[in-house]
Amino acid sequence: MLRPVRTLAPLSRCCSSFVSRMRFVDRLKRDDGACAAALQSGQMFLFHRLAPLLQRTERGTLRPVARRTSDVQSILQRLGSDPALLEQSVLIGCSQQNQAQFCLDIGEVDQVVLEEACGGTFIDLKKSFFLLPAAEAPLVAKGQALLRWHQTSGFCSATGRPTQRNRAGSQRVCSDIIYYPKMSPVVIALVSDGKRCLLGRQASFPRGMYSALAGFCDMGETLEETLSREVAEEVGLELLSVSYSSSQHWPFPHSSFMIGCHATVSPAHTQLSVDQSELEDARWFSLEEVVTALQVKAPPPRGAAGLWLPPKHAIANRLISEWAERQRRSLDGD
Ligand SMILES: NC(=O)C1=CN([C@@H]2O[C@H](COP(=O)(O)OP(=O)(O)OC[C@H]3O[C@@H](n4cnc5c(N)ncnc54)[C@H](O)[C@@H]3O)[C@@H](O)[C@H]2O)C=CC1
Ligand SMILES: [Mg+2]
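Everything quoted here is computed from the prediction, not taken from an experiment.

Asker: Looking at this model, I keep getting lost on the UniProt feature "domain: Nudix hydrolase" (unreviewed entry) in the protein chain. Mind explaining?
Answerer: What UniProt calls "domain: Nudix hydrolase" (unreviewed entry) maps, in this numbering, to residues 181-311. Helix makes up 17% of residues 181-311 and strand makes up 32%, while its end C-alpha atoms are separated by 27 Å.

Asker: Honestly, the confidence of the model for the protein chain in this entry has me stumped. Any pointers?
Answerer: Detail in the predicted coordinates should be disregarded across regions flagged by low pLDDT. On average, residues of the protein chain score 94 in pLDDT, and 96% of them reach the 70 mark or higher. Across the whole predicted complex the pTM is 0.92, and at the interface the ipTM reaches 0.96.

Asker: Help me understand helix α3 (residues 69-78), please; the structure alone is not making it clear to me.
Answerer: Since the α-helix advances by 3.6 residues per turn, residues separated by three or four positions end up pointing in the same direction. Inspection of α3 places T69, V72, I75 and L76 among the buried residues, and these make up the whole buried set. In an axial view of α3, the angular spread of the buried residues amounts to 120°, which keeps them on one side of the axis. Structural note: α3 exposes Q77 and R78 on the side pointing more than 90 degrees away from its buried face. The elements touched by buried residues of α3 are α2 (32-40), β1 (43-48), β4 (66-68), β6 (100-105) and α4 (111-118). Following α3 by one or two positions, G80 has its phi on the positive side, about 75°.

Asker: When you look at the environment of I178 in this model, what are you seeing that I'm missing?
Answerer: Structurally, I178 can be placed in strand β10 (residues 177-179). Since its relative accessible area comes to 43%, I178 is described here as partly exposed. Put simply, I178 and S74 are 104 residues apart on the chain and 34 Å apart in space, counted from C-alpha to C-alpha. Aside from chain neighbours lying at most four places away, what touches I178 is Q171, R172 and V173.

Asker: Got a minute to help me understand unusual backbone geometry in this structure?
Answerer: Across residues other than glycine, the phi torsion is negative in most instances, and most of the peptide bonds are trans. A cis geometry characterises the amide bond from F252 onward to P253, with omega recorded as -10°. For P253, the location among the structural elements is in the loop between β14 (241-250) and β15 (256-264). One non-glycine residue, L50, lies in positive phi territory at about 75°. Along the polypeptide, L50 turns up in the loop between β1 and β2 (51-56). On the basis of relative accessible area, L50 is assigned to the buried category, the value being 14%.

Asker: Quick question: what am I supposed to make of the sheet that holds β10 here?
Answerer: Adjacent strands of a sheet pair through backbone hydrogen bonds, lying either parallel or antiparallel. Taken together, 3 strands build an open sheet; the order of strands is β8-β9-β10 and the sheet is antiparallel. Each edge of the sheet is formed by a strand with only one pairing partner; in this case those strands are β8 (164-165) and β10.

Asker: Help me out: how do you make sense of the coordination of the magnesium ion (ligand 2) in this one?
Answerer: Under perfect tetrahedral coordination by four donors, a metal shows angles of 109.5 degrees; under perfect octahedral coordination by six donors, it shows angles of 90 or 180 degrees. The coordination sphere of the magnesium ion (ligand 2), as far as protein atoms go, consists of A214 (O) and E234 (OE), spread over 2.1 to 2.2 Å. Here the residue A214 occupies a position in strand β13 (residues 213-216), and E234 occupies one in helix α7 (residues 223-235), the gap between them amounting to 20 residues. Relative accessible area serves as the criterion here: at 28%, A214 is assigned to the partly exposed category.

Asker: I'm lost on the domain arrangement of the protein chain in this one. Help?
Answerer: When the parts of a complex come together, some accessible area is lost, and that lost area is often taken as the interface size. Each assigned domain of the protein chain is listed here: domain 1 (18-147) and domain 2 (184-332). Between domain 1 and domain 2, the C-alpha centre-to-centre distance is 33 Å. Taken together, the contacts link 12 residues of domain 1 with 7 residues of domain 2. Taken as a group, F129, F130 and A145 account for 59% of the area that domain 1 buries against domain 2, more than any other trio of residues on that side. Across the contact surface, domain 1 and domain 2 share 0 salt bridges.

The rules behind the values
- Residues numbered from 1 in each chain as written.
- Chains lettered and ligands numbered in written order.
- Predicted model: local features only at pLDDT ≥ 70, side-chain atom pairs only at ≥ 80, totals over all residues.
- Heavy atoms only, no water.
- UniProt positions renumbered as here; feature names shortened; annotations may be inferred.
- Helix = DSSP H or I, 4+ residues; strand = E, 2+ residues; numbered from the N terminus.
- pLDDT = per-residue confidence, 0-100.
- Buried < 20%, exposed > 50% of the residue type's maximum accessible area, 1.4 Å probe, protein only.
- Arc of directions from axis to C-beta.
- Contact = heavy atoms within 4.5 Å.
- Pairing = 2+ DSSP bridges.
- Donors = N, O, S within 2.8 Å, 3.2 Å for Na, K, Ca; no water.
- Domains from an automatic or database assignment.
- Buried area = accessible area lost by both parts, 1.4 Å probe.
- Salt bridge = Lys/Arg side-chain N within 4 Å of Asp/Glu carboxyl O.

This is the structure we're talking about:
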C-alpha cells in the first residue's frame, strides 16, 4: 500500500514565485536563445573533474561557491582558456532571486591555478557531501550528476555518431534519437516487526555503520515488488506491508533516485537468513539502541563497539528517525 505522508510544499512558500521559477527553468530547457541569454546574467557552480568548488565556513562546514558567469568568463580569459568552454555549462535550476543557475566542469585547467583564481577548493563529493548545508547539497549533487552524464554520453549508442546537446544540457540528440539524463531507481525501506527495526551493513560501509535495506529496481518491477524481492534476497523475510515516506536523489556511486519506504513483517516470522554475498551482517535493533545511535555524530573509534547510523543527508537517516518517533509516540500512547 502506498500513501503520501507529507504535504508537498512548505506553507511559507510563495506559490506565484515558485510557479514562475519552475516555468522559467522549463522555458530555458526548451528555448536555446533564452537559455544563452540567461547564462550571461546567471550564476555558475564550478567543478574540476567532477569535484565541486567549495569554501570552508567558520563552523567547519563547507558551502558551494557560486560565481557570476561574467566573473567566470574573466577568469577563463585571464588564464588563457578558451571562452567557448562556457558553452559546456549545464542548467541546474533557478535561485530564489530568479537567477538561472548553471554548472561547468573546467577539468582542462590546472586545479591549483583555478582554485587560486576562483577562491575555493575542489573537493571530491564523497568527502564533502555530508559537510554541505542540507539546502545546497542536492544542487551540487545534481550538477555533478548532469556533468557526468554529459561526459559519458558524447556518442549515440545506436549509430556511433557524436550526440549534440541543447543549450540547457537537458538532452542530447542524434538525428531523431533523443537521450535524457539517466538515473537508477532504488527502493530503500526501514523494515519493522512492530517493536524492532531491521538494519544491515555491507562490507564497504564505514566501521560500525548499519543502514536500512536498499536495492536497485529491476526492469518491469513495481516499487512493492522490488522491495519484496530485495528483502527476500538479502535477509530471507517476506513483507506484510509497504508504505511510502519520501524520496531523494543520491549521487553515490552514480545518480540514483532513492524511494524511501517503511515496511513491516509479521512478528511471528523474524528469523533472519542473511545473504553474505550482499550483506556482511543484518540485525534487529530495539528502539533504545536506535535512539542512542541517532545521537552519535561520528564513527566509533577503531576497536570500539557501537552502532553508527547514516548521516542526516541520507534518506536512511530520515526513515530511521521517523520510525523511532512513531515508536516513541505509540509507547507514550499519543
Ligand atoms: N541515501 C541513503 O540513505 C542510502 C543509499 N543507498 C544507496 O542505494 C544503492 C543501492 O543499494 P544496494 O544495497 O547496493 O543495491 P542492491 O542490493 O541492488 O545491490 C547492488 C547490486 O545490484 C546490481 N545492480 C542492479 N542494477 C544496478 C544499477 N542500476 N546500478 C548499479 N548496480 C546495479 C549490481 O550488481 C550491484 O552490485 C547504493 O548505491 C547505495 O549507495 C543505500 C543505503 C542508504
Ligand atoms: Mg541491497
